[in-house]
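Spelled out from the first residue to the last, the chains are:
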Amino acid sequence: YEYVQDKGYAIVNIDSNITSMRQLFLNAKSLTYMNVDNWDTSNVTDFYQCFAWAGALTQNIDFTKMNLSKVTIWHNAFAYAGFPRIDLSHISPTLTDGSKGLFSYGKAEYIDISGWTFTKTMGQLFSHAEQLKTVVLNNVTTTGVTDMGDMFRSCHNLKTIDVSSFNTSSVTTFQCMFHSCTSL
């Protein structure tokens with residue numbers, strides 16, 4: 001991939017041979033634009049810190065055009081990222097342990113992960129996403145999840161949240177789940 005730092009854009013060719021996007025844009029702090037229209041992400045399994053700390057990347061990327069159905073590793077994928085809107089409801093991954101801090105400290109105001117399945121942890125999932133106003137969690141499956149600690153910690157702008165689909169029978173820690181959610 002080519003990243004032209006002084007211009008603030010990236011030219012990236014993702015084809016079906018790519019299986020890992022691990023840390024692809026990690027710390028790309030001056031990146032403000034990218035075109036993802038021709039990316040073939042159909043075989044990507046690893047999204048670990050893909051956009052982490054890319055805080056200047058504030059364009060609305062249509063993630064629904066990306067096939068991310070095989071991704072199993074999501075740790076910190078959007079941590080500190082600048083995207084204002086993240087809609088991943090078009091995929092239904094089953095995450096066994098690869099989601100910690102997925103959206104933490106991000107700038108998103110809207111996140112939709114409807115239909116996702118979590119089987120172990122949801123800890124720090126949205127932690128410190130201070131600009132987050134709307135989280136859509138329709139039909140999110142949480143059977144077997146033991147950790148929901150810090151999930152929404154310091155989501156200051158979050159006014160309502162529907163967690164009615166959550167099965168919390170296996171949860172052993174809710175520690176600070178809604179800590180400092182001052183608008184709830």
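Residues numbered from 1 in each chain as written. Predicted model: local features only at pLDDT ≥ 70, side-chain atom pairs only at ≥ 80, totals over all residues. Heavy atoms only, no water.

*Asks:* I would appreciate a short explanation of the overall build of the chain in the present structure.
*Replies:* The helix and strand inventory of the chain stands at zero helices and eight strands. In the chain, the succession of helices and strands from N to C terminus is β-β-β-β-β-β-β-β. Taking 16 Å as the expected radius of gyration for a compact globule of 184 residues, we find that the chain reaches 16 Å, a close match to that expectation. With respect to the principal axes defined by its C-alpha atoms, the chain has extents near 45 × 30 × 20 Å. Per-residue burial over the chain gives 48% buried out of 184 residues. Taking contacts inside the chain between residues at least 6 apart in sequence as the whole, the part at least 24 apart equals 70%. A total of about 8300 Å² of accessible surface is found on the chain, and carbon and sulfur atoms cover 44% of it. (Helix = DSSP H or I, 4+ residues; strand = E, 2+ residues; numbered from the N terminus. Rg over C-alpha atoms; globule rule 2.2 N^0.38 Å. Buried < 20%, exposed > 50% of the residue type's maximum accessible area, 1.4 Å probe, protein only. Contact = heavy atoms within 4.5 Å. Areas by Shrake-Rupley, 256 points an atom, 1.4 Å probe, with all protein chains shown as cover.)

*Asks:* Looking at this structure, how should I read the nonpolar core?
*Replies:* A general tendency of soluble globular proteins is for nonpolar side chains to be buried together. Grouped together as the largest cluster of nonpolar side chains are 56 residues, with contacts concentrated most on F25, F47, F51, W74, F78 and F126. Those residues in contact with F47 that sit more than four places away from it in its chain are M21, L68, V71, I73, W74, H75, A77 and F78. (Core = buried A, V, L, I, M, F, W, Y, C linked by side-chain atoms within 4.5 Å.)

*Asks:* Even after reading the chapter, I still don't get the packing of aromatic side chains, so can you show me in this structure?
*Replies:* By convention here, two paired aromatic rings are described through the distance between centres and the angle between planes. Enumeration according to the criterion identifies 19 aromatic pairs in this entry. Ring centres of F47 and W74 lie 5.3 Å apart, and the angle between their planes is 55°; this geometry places the pair in the tilted category. Of this pair, F47 sits in the loop between β3 (33-34) and β4 (85-87) while W74 sits in the loop between β3 and β4, placing them 27 residues apart in sequence. Given the relative accessible area of 0%, F47 is considered buried. Its relative accessible area of 0% is what places W74 among the buried residues. A cation over a ring is seen here: R22 above Y48, with NZ or CZ 4.3 Å from the ring centre. It is R85 that lies over the ring of Y110; its NZ or CZ is 4.0 Å from the centre. (Phe/Tyr/Trp six-rings, centres within 6.5 Å; stacked < 30°, edge-to-face > 60°. Lys NZ or Arg CZ within 6 Å of the ring centre and 35° of its normal.)

*Asks:* Honestly, the state of the cysteines in this entry has me stumped. Any pointers?
*Replies:* Defined simply, a disulfide is a covalent bond joining two cysteines at their sulfur atoms. One pass over the full model with this rule turns up zero disulfides. Between C155, a free cysteine, and C181, which holds the nearest cysteine sulfur, the sulfur-to-sulfur gap is 5.1 Å. Taking relative accessible area as the criterion, C155 reaches 0% and is therefore assigned buried. (Disulfide = S-S within 2.5 Å.)

*Asks:* Please explain a nonpolar patch on the surface as it appears in this structure.
*Replies:* A surface patch of nonpolar side chains, amounting to about 280 Å² of accessible area, comprises Y9, I11 and Y33. Among the secondary structure elements, Y9 is positioned in strand β2 (residues 9-11). (Patch = residues over 30% accessible without salt bridge, like charges linked within 9 Å, V, L, I, M, F, W, Y side chains within 5 Å. Salt bridge = Lys/Arg side-chain N within 4 Å of Asp/Glu carboxyl O.)

*Asks:* I would appreciate a short explanation of the side chain of T41 in the present structure.
*Replies:* Along the chain, T41 falls in the loop between β3 and β4. A residue is classified by how much of its surface remains accessible, and T41, at 2% relative accessible area, is buried. Among the polar contacts listed, one links the side chain of T41 to the backbone oxygen of N67, at a separation of 2.7 Å. Once residues lying within four places of it in the same chain are set aside, the contact partners of T41 are I14, M21, M66, N67 and L68. (Polar contact = N/O pair within 3.5 Å; in protein donor to acceptor, adjacent residues only side chain to side chain.)

*Asks:* Mind showing me how you'd approach the sheet that holds strand β8 (residues 134-136) here?
*Replies:* Remark on secondary structure: sheet strands pair via backbone hydrogen bonds, oriented parallel or antiparallel. If you trace the three strands from one edge of the open sheet to the other, you get β4-β6-β8, paired in parallel fashion. Each end of this open sheet is capped by a strand with a single partner; those strands are β4 and β8. Taking the axes of each pair of neighbouring strands and ignoring which way they run, one obtains an average angle of 5° across the sheet. One ladder, built from three bridges, connects β4 with strand β6 (residues 110-112); its direction is parallel. (Pairing = 2+ DSSP bridges. Axes fitted to C-alpha atoms, helices over the stretch in contact; angles between N-to-C directions.)

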